Amino acid sequence: MLTSAPSGGRCVTDVFSALIGQERAAAVMRHHVAQPVHAYLFVGPSGAGIHEGVLAFAASLLCEAGGCGDCDTCRRVLAEGDSEVTFLERSGLNWSVKEFAEAERISRRKPLGKYQIVVIEDVNLSDGQTGKLLKILEEPPSRAIFMLTANSLPESLATIESRCVTLAFQSLSEEAIVTYLTREGSSSIAARAAAAASGGDLRRAHVLVRDVAFADRVQLWKSLPDRLTGTNAVSSVLTAEILAGLDAAATPLAGLHAEEMAALTANAKAVGLRALPGRRDIEARHKRELRRFRIEDIRFGLKSLAETYRHRLLSGLEGMNDGDVRSRTQAAAALEAIDLINEASQRLSVVGEEALLTNLLVSLSSI
C-alpha cells in the first residue's frame, strides 16, 4: 500500500519510500529505473501492495527525476490518469486472444514521453495462452515496457518468468502491520486483532481495524457448534446471521473505496484532467476487492470454527487417555467436522456463499 510516512518517521524521498514492508522489491526497482528492461513480473500474495508497486515503478520510469513523487507526471501516474500507463485485465476466467491482441496494439503506440507501459494484471495462463503472451514479450517495441502481476508462480508461468525480471513482494509480517496501524492512530489492541486476522494483507487489516463488530463476528463463528441442533431450519438461521455480519463488515471497505475515489478524482483535477480516467476500471477493481474481502472473511471465520472443533478434539483425546469411552466419539466427531470445514474452505471461491455455508452447517449438525 502506498502511504505517506508517519510523522516522526523517515520522510518520503521518492515514490518507493511509501511502499510498506517491500524494501527488497523497492531496491530492485530503483536499480532498474535508469536502464529498464522490456518486461517485469510482479509476484506476491493479495494485499502485499503489488498494484501500488506497479504504480510507483511506472511513475519512476516516466518521471524525469526517477520518481520524485511531487511532479505532475508522478501525480498523474499515481492517480492512474496517465495515458502512457495502461492497465489490462481479463474479462473472464482466462485471457482471450482478443485481449492479448489489445495488449500488443497498445504497446506499439508511440509514447509522448519516455515509455509506453502496459500492465497485464492477474496473469493466470493455460498452456495455449502462454505461447501468445510469450510472443508479445519476445518481440516488444523498443520503447514499450510490460508489467505483469501474479499471486504465485506455477509451472505454466516458467517460460514467461524467464523473459522477465521478477519482483517478489512478501506477505507482510504481523508486527509490520501492527506498527503501521498504530502509527495511523489505531489502538494497539485493535491493531493486533486486525493484523492477526489479516493474513499478511495490509489492505484487509486496514479495513478490519475500522470494523467495530469484528470481535462479535469471530465470536459468532466460535459459537456455532453449540448452537447447531440438527435441524435445517437452525442451519439456515445461522447462515443468515453470518451473511448479515458479512454485509456489515463490508461497510468499512466501501468507505475506503469512496475515500480512494475522491482522492484519485482530486489528484486528476489537480493535474488538469476534467475527469478521472479509467473510472469504470477502478470501480470494477473495487467490486473484485469486495468479493475477495468477503471470501477472506468467510475463510477466517471457517478457521475460527475449525479452531473450536480442534479444542474439542484435544479434549476428546485427553478424555480417551483417562479412559472415558464417550471421549472417543467426541474426538471422532471433531475430526470429521474439521475435515468438512477444510473442504468448505477449499471450495469457497467456486461455490456461492449461502449454499456453501448452509450445506456445511447442515453437515456439521448431523455429526
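The structure reproduced in this document is the subject of the present report. (Residues numbered from 1 in each chain as written. Predicted model: local features only at pLDDT ≥ 70, side-chain atom pairs only at ≥ 80, totals over all residues. Heavy atoms only, no water.)

Turning to the overall build of the protein chain, a few remarks are in order. Within the protein chain, the secondary structure is distributed over 14 helices and five strands. Seen through its principal axes, the protein chain has C-alpha atoms that stretch 75 × 50 × 40 Å. Restricting the contact set of the protein chain to residue pairs at least 6 apart, pairs at least 24 apart contribute 70%. Of the roughly 18300 Å² of accessible surface on the protein chain, a fraction of 52% belongs to carbon and sulfur atoms. Across the protein chain, the centroid of the 41 positively charged side chains sits 5 Å from that of the 45 negatively charged ones. (Helix = DSSP H or I, 4+ residues; strand = E, 2+ residues; numbered from the N terminus. Contact = heavy atoms within 4.5 Å. Areas by Shrake-Rupley, 256 points an atom, 1.4 Å probe, with all protein chains shown as cover. Lys, Arg positive; Asp, Glu negative; His and termini not counted. Charge placed at Lys NZ, Arg CZ, Asp CG, Glu CD.)

The parallel open sheet is built from five strands, whose spatial order is β2-β3-β4-β1-β5. Where the open sheet ends on each side, the last strands, each with one partner, are β2 (85-88) and β5 (165-168). The sheet shows a mean angle of 20° between the axes of neighbouring strands, taken without regard to direction. In terms of strand pairing, strand β1 (residues 39-43) meets β5 through four bridges, oriented parallel. Directly across from Val-43, in β5, lies its bridge partner Ala-168. Along the sheet, helix α2 (residues 50-62) contacts β1, β2, β3 (116-120) and β4 (144-150); its crossing angle with β4, the most-contacted strand, is approximately 170°. Helix α4 (residues 97-107) rests against β2, β3 and β4 of the sheet, and its axis sits at about 165° to β3. (Pairing = 2+ DSSP bridges. Axes fitted to C-alpha atoms, helices over the stretch in contact; angles between N-to-C directions.)

Despite not being glycine, Glu-80 shows a phi value in the positive range, around 60°. Along the chain, the position of Glu-80 falls in the loop between α3 (72-78) and β2. Even without glycine at this site, Asp-122 takes up a positive phi of about 55°. Among the secondary structure elements, Asp-122 is positioned in the loop between β3 and α5 (127-138). The exposure class of Asp-122 is partly exposed, given its relative accessible area of 35%. (Buried < 20%, exposed > 50% of the residue type's maximum accessible area, 1.4 Å probe, protein only.)

A word on empty space enclosed by the protein. In the structure shown here, the tally under the stated rule is two cavities of 30 Å³ or more. Here the largest cavity defines a volume of roughly 40 Å³. Around the largest cavity sit Arg-217, Leu-220, Trp-221, Ile-242, Gly-245, Leu-246 and Asp-297, which together line it. Among the secondary structure elements, those contributing two or more residues to the lining of the largest cavity are α10 (214-227) and α11 (232-270). (1 Å grid on protein atoms, 1.4 Å probe; cavity = no way out; pocket = protein on both sides within 12 Å on 5 of 7 lines; lining within 4 Å. Points joined across faces, edges and corners; volume = space filled by probe spheres on them.)

Looking now at the pairing of β1. Counting buried positions along β1 yields five of five residues, so the element is predominantly enclosed. Of the two faces of β1, the one carrying Ala-39, Leu-41 and Val-43 and the one carrying Tyr-40 and Phe-42 are both buried. Where β1 meets β4, five bridges bridge the pair, whose relative direction is parallel. Note on β4: the bridge partner recorded for Tyr-40 is Met-147.

Okay, the packing of α11 against helix α14 (residues 353-365) next. With their axes 9 Å apart at the nearest point, α11 and α14 run at an angle of 140° to one another. Taken together, α11 and α14 sit at an angle that is classed as oblique. Judged by the twist between their axes, the crossing of α11 over α14 is right-handed. Of the residues in α14, those touching α11 at Asn-232, Ser-235, Ser-236, Leu-238, Thr-239, Ile-242, Leu-243 and Leu-246 are Glu-353, Glu-354, Leu-357, Thr-358, Leu-361, Val-362 and Ser-365. (Parallel < 35°, antiparallel > 145°, perpendicular 65-115°, else oblique. Left-handed = near helix turned anticlockwise from the far one by under 90°.)

A word on the packing of aromatic side chains. Following the criterion strictly, the structure yields six aromatic pairs and no others. When the ring of Phe-16 is compared with that of Phe-57, the centres are 6.5 Å apart and the planes differ by 45°; the resulting orientation is tilted. Residue Phe-16 is found in the segment before α1 (23-32), and its partner Phe-57 is found in helix α2; the two are separated by 41 residues along the sequence. Accessibility classification places Phe-16 together with Phe-57 in one group, the buried group. Members of the aromatic cluster, joined through ring pairs, are Phe-16, Tyr-40, Phe-42, Phe-57 and Phe-169. One Lys or Arg, Arg-204, reaches over the ring of Phe-293 and ends 5.1 Å from the middle of that ring. (Phe/Tyr/Trp six-rings, centres within 6.5 Å; stacked < 30°, edge-to-face > 60°. Lys NZ or Arg CZ within 6 Å of the ring centre and 35° of its normal.)

Moving on: helix α8 (residues 188-198). Those residues of α8 that sit buried are Ala-191, Ala-194, Ala-195, Ala-197 and Ser-198. As for α8, its buried residues are in contact with α7 (174-183), α9 (202-208), α10 and α12 (279-321). Phi turns positive, to about 65°, at Gly-199, one or two residues after α8.

Looking now at the environment of Val-28. Position of Val-28 relative to the elements: it lies in helix α1. Relative accessible area serves as the criterion here: at 31%, Val-28 is assigned to the partly exposed category. Remark: the alpha-carbon pair of Val-28 and Val-350, spanning 322 residues in sequence, is separated by 36 Å. Once residues lying within four places of it in the same chain are set aside, the contact partners of Val-28 are Val-165 and Leu-167.

Take it as geometry only, folks, not as evidence of what the structure does.
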